[in-house]
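The chain contents come next:
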Amino acid sequence: MSDTMQAVDFRSIRFPNRFALAPMTRTSAGADGTPNALMADHYERYAQGGFGLVITEGTYTDDKASQGYANQPGIINDSHVEGWKTIIDRVHAAGSRIFVQLMHAGAQFQANRYTDQPLGPSEVAPKGAPLGLYGDQQTWRVPSTMNDSDIQTVIDGFARSAANAKAAGFDGIEIHGANGYLLNQFLSTYFNRRNDNYGGTLENRLHLVVDVVRAVRKAVGDDYPVGIRLSQGTVTDPDYQLPEGAAGFRQIVEAVRDAGADFVHTTDGDVHRQHFVSGDESLASVAATVEGIDLIVNGGIEETNHQDIANRFPGTLLAVGKKALANPDFVQRLKDGKEIAELDFQMLLPKATITNELAWREQNGS
Ligand SMILES: Cc1cc2nc3c(=O)[nH]c(=O)nc-3n(C[C@H](O)[C@H](O)[C@H](O)COP(=O)(O)O)c2cc1C
């Protein structure tokens, strides 16, 4: 049995193996954001399929401007918490742990049941077009610039949602600081054109991220796993680079650690992608050298390279996205030496809903 199948200690948790399900939006909750039975079956499949950790899809954090997609789950009221409890119980019964990903969409906003007006660091819409997988919107709306009160609402929403997550029974929290959503927008010089103390220097651009990590830590106490997912690129601009390069990324990882994060979760098209403005580091290689913080790595992990990545980044968890979608039992298949399928994107069309996936599986006998 390979090393990736051996137990790993990650803060207070012993995971049975190194594999985590990467967070993946499925826009399958009720219209009011309540997680449902379809989602419970869905997440249970990955736990039964051997993933030691399941990370949920991005989950919204307040009843203002945080929701980004129709039928996205939330974690802001009793109905949401009850829905998640069922999912958590099913994942636990299958022997896995589950972290919730807390997400504020910011400018990357397609649908929201509470408001029509996105908020962002500045009046800058994302590049490219909205994601057809998540809705029919053809163009991005231009966000309004967040004022101090909007920023406080964001921080309070993350903190309350974190407390809700702990009360629901989640094993930990991943804050979404990647892929072009709000916290990533504040870090980005494309989205963040502010000249107050939330914009300009990297230290200022980190301000909201640090405030959110601190507030979440305070809401859940010291002995509860809290981390943050980080990327340079966004879903519609995967090649964006921080002007401060690898040194800037190191500064970000150190800042979130000092604010109370236990782990960072790096995500790029490929774990090893060397994409800083200069040098030959990857997000993962920089984060791995920062003391005092654990690491989840993501990007292109599959049956052919998992062991090499595990060896290169000892003690980390390996988050798997597309290969897991194609093979909910990816880990069990590896153990059994069974064939691993490629993802057929038809499975996610016309929308990335669980219902469409199940219809595709029925049709394809998979
Ligand atoms: C359908 C789909 C939905 C996704 N939704 C999210 C999400 O909610 N939060 C997030 O951080 N990343 C999301 N991602 C990105 C994945 O977590 C992962 O980073 C990406 O697929 C690259 O990893 P892979 O090469 O293993 O697929 C999504 C990816 C896909 C394919």
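The structure reproduced in this document is the subject of the present report. The written sequence of each chain sets the order in which its residues are numbered from 1. The predicted origin of the model limits local features to residues at a pLDDT of at least 70 and limits the giving and counting of side-chain atom pairs to 80 or more, whereas totals for whole chains, interfaces and linings rest on all residues. In computing side-chain values, all of the structure's heavy atoms are included and hydrogens and water are not.

**Observations regarding the overall build of the protein**
Filter applied, for reference: Strands here are runs of E lasting at least two residues and helices are runs of H or I lasting at least four, both read from the DSSP assignment and numbered beginning at the N terminus. Put simply, the radius of gyration uses C-alpha atoms, and a globule should come to 2.2 Å times the residue count raised to 0.38. Burial classes: relative accessible area under 20% of the type maximum marks a residue as buried, over 50% as exposed, and values in between as partly exposed (1.4 Å probe, protein chains only). The contact criterion used throughout is that any non-hydrogen atoms of two residues lie within 4.5 Å.
For the protein, the helix and strand inventory stands at 12 helices and 12 strands. Against the globule reference of 21 Å for 366 residues, the protein gives a C-alpha radius of gyration of 19 Å, in line with a compact fold. For the protein, the spread of C-alpha atoms along the principal axes amounts to about 55 × 45 × 40 Å. Classification of the 366 residues of the protein by burial places 60% in the buried group. Contacts spanning at least 24 positions in sequence make up 72% of the contacts within the protein whose residues lie at least 6 apart.

**As for helix α7 (residues 245–259)**
Test applied: Here the expected span of a helix is defined as 1.5 Å times the quantity of residues minus one.
Its 15 residues give α7 an end-to-end C-alpha distance of 21 Å, which sits within 8% of 21 Å, the value for a rise of 1.5 Å per residue. Taken as a whole, α7 has its buried residues at G245, A246, G248, F249, I252, V253, A255, V256 and A259. Against α4 (182–187), α5 (202–205), α6 (207–220), β9 (226–234), β10 (263–267) and α8 (283–288) lie the buried residues of α7. In the segment just after α7, G260 is the residue with positive phi, at about 120°.

**Focus: the layout of surface pockets**
Worth spelling out the cut-off: For each structure, a 1 Å grid was placed over the protein atoms alone; sets of points admitting a 1.4 Å probe that cannot get out are labelled cavities, open sets with protein on both sides within 12 Å along at least five of seven lines are labelled pockets, and lining residues have an atom within 4 Å of a point. Grid points are joined across faces, edges and corners, and a volume is the space filled by probe spheres set on the points.
Within this model, the largest pocket holds a volume of roughly 1100 Å³. Those elements giving two or more residues to the lining of the largest pocket turn out to be β4 (53–60), β5 (97–103), β8 (172–179), β9, β12 (317–320) and α10 (322–326). The element best represented in the lining of the largest pocket is β9, accounting for 5 residues. In this structure, the second largest pocket occupies an estimated 170 Å³ of space. Taken together, R45, A326, N327, P328, D329, R333, E339, I340, A341, R361 and S366 make up the full set of residues lining the second largest pocket.

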